[in-house]
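Results of the structural survey
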Amino acid sequence: MVTRVPPSLLRHRIGVEPYLGDGAYGPTYGPRVEHPALVGEAVRMVRAPDGRTVASSAQIIAAPGLTCPPGSRVTLPGGRITTVISAASHTAPGLPVPASTEVVCE
């Protein structure tokens with residue numbers, strides 16, 4: 001049974017700088033960490049955590065446990081830097097589907 005996304009499917013590398021909060025000089029971020037991921041760049045309308053409807057231009061599937069709170073900066077494989085709108089963990093205990101983390105970016 002598959003318990004997590006197979007590494008062979010995560011063909012891209014992304015850089016994640018987790019959002020830590022706002023400081024005296026604006027948003028602060030943690031150190032950049034590289035992760036394997038599968039990136040799809042398509043424009044879609046999504047709902048942000050605060051209820052706004054916003055356009056997403058990149059969707060990312062990564063291994064479970066990716067730390068990427070809303071507001072984090074993500075560097076996509078092509079070099080474009082974007083901001084996380086939302087992130088969700090997907091699990092299905094007992095079912096033959098892989099656990100993963102889905103990240104939706106501006």
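Shown above is the structure to which this text applies.
Quick summary incoming for the structure in this document. The structure displayed is predicted, hence computed values, not measured ones. (Residues numbered from 1 in each chain as written. Predicted model: local features only at pLDDT ≥ 70, side-chain atom pairs only at ≥ 80, totals over all residues. Heavy atoms only, no water.)

Points about the sheet that holds strand β10 (residues 100-105)
Put simply, the rule is: A pair of strands is treated as paired once DSSP finds two or more bridges between them. Strands are runs of DSSP state E lasting at least 2 residues, helices are runs of H or I lasting at least 4, and numbering of each runs from the N terminus. To get an axis, fit a line to the C-alpha atoms, keeping to the stretch in contact for a helix; angles then go from 0 to 180 degrees between the N-to-C directions.
The strand order around the closed barrel built from six strands is β1-β4-β7-β10-β9-β8, with neighbouring strands paired in antiparallel fashion. Across this sheet, the average inter-strand angle for adjacent strands is 45°, counted without regard to direction. Sheet analysis places strand β4 (residues 33-40) next to strand β7 (residues 58-62), joined by four bridges and oriented antiparallel. By the bridge assignment, A37 is partnered in β7 with A62.

Looking at the environment of S86
Put simply, the test is: Any two residues whose heavy atoms approach within 4.5 Å at even a single point are treated as in contact.
Within the secondary structure, S86 is located in strand β9 (residues 81-90). Those residues in contact with S86 that sit more than four places away from it in its chain are P49, P70, E102, V103 and V104.

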